[in-house]
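The chain contents come next:
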Amino acid sequence: MSKPYSVRVTVRGYETDVQGHLNQAVYLNYAEHARWSLLQEAGITQARLQAHGVGPVALETTIRYRRELLAGDEVDVSCVFVWGGGKTFTIEQIITKTDGTVAAEVSAVGGLLDLEKRKLVPSPQDVFRELTKDTALFGL
């Protein structure tokens, strides 16, 4: 397992619901933002993925809400890739307030889609090894 990559996000007022809590769908946006930030840090852009003929796909996402988030709260959104072999991988993410309070846990199962064959590539970690400038970000 890799060392967690993390990005800081500030909860904006327009992202909250009628109770003043961060809207449930926005947790997914924060998780996705952190994942793409990690890819960018690793030197992997959408254009580079497309040029290589692959694209990341989400297969399953689970969110466990632990504590509320309110407008103005700052949170760190972490990403850790977990490799189990085969065509899929898991990205474990924790959304943590700056005081250390865990607000949510996100677990996402993903893969890399071969854009021509429209099937998952057999070994996504090999593709990430080939494309990245920093394998440690992926725990490889």
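Residues numbered from 1 in each chain as written. Predicted model: local features only at pLDDT ≥ 70, side-chain atom pairs only at ≥ 80, totals over all residues. Heavy atoms only, no water.

Asks: Give a detailed account of unusual backbone geometry, specifying residues and quantitative values.
Replies: A positive phi angle is found at Arg118, which is not glycine, with a value near 60 degrees. Taking the relative accessible area as the measure of exposure, Arg118 reaches 56% and is therefore exposed. (Buried < 20%, exposed > 50% of the residue type's maximum accessible area, 1.4 Å probe, protein only.)

Asks: Account for the pattern of salt bridges, with residues named and values stated.
Replies: In this structure the tally under the stated criterion is eight salt bridges. With a shortest N-O distance of 3.3 Å, Glu105 and Arg64 are connected by a salt bridge. Of this pair, Glu105 sits in strand E5 (residues 102–114) while Arg64 sits in strand E2 (residues 54–65), and the two are 41 residues apart along the sequence. A relative accessible area of 22% places Glu105 in the partly exposed class. (Salt bridge = Lys/Arg side-chain N within 4 Å of Asp/Glu carboxyl O. Helix = DSSP H or I, 4+ residues; strand = E, 2+ residues; numbered from the N terminus.)

Asks: Tell me about helix H1 (residues 24–41), residues and numbers included.
Replies: Because the α-helix completes a turn every 3.6 residues, residues three or four places apart line up on one side. Across its 18 residues, H1 extends 27 Å between first and last C-alpha, which sits within 8% of the 26 Å expected from 1.5 Å per residue. Among the residues making up H1, those that are buried are Val26, Tyr27, Tyr30, Ala31, Ala34, Arg35, Ser37, Leu38 and Leu39. Measuring from the backbone nitrogen of Ala25 back to the side-chain oxygen at the start of H1 gives 2.8 Å, which picks out Asn23 as the cap. (Expected span 1.5 Å × (residues − 1). Polar contact = N/O pair within 3.5 Å; in protein donor to acceptor, adjacent residues only side chain to side chain.)

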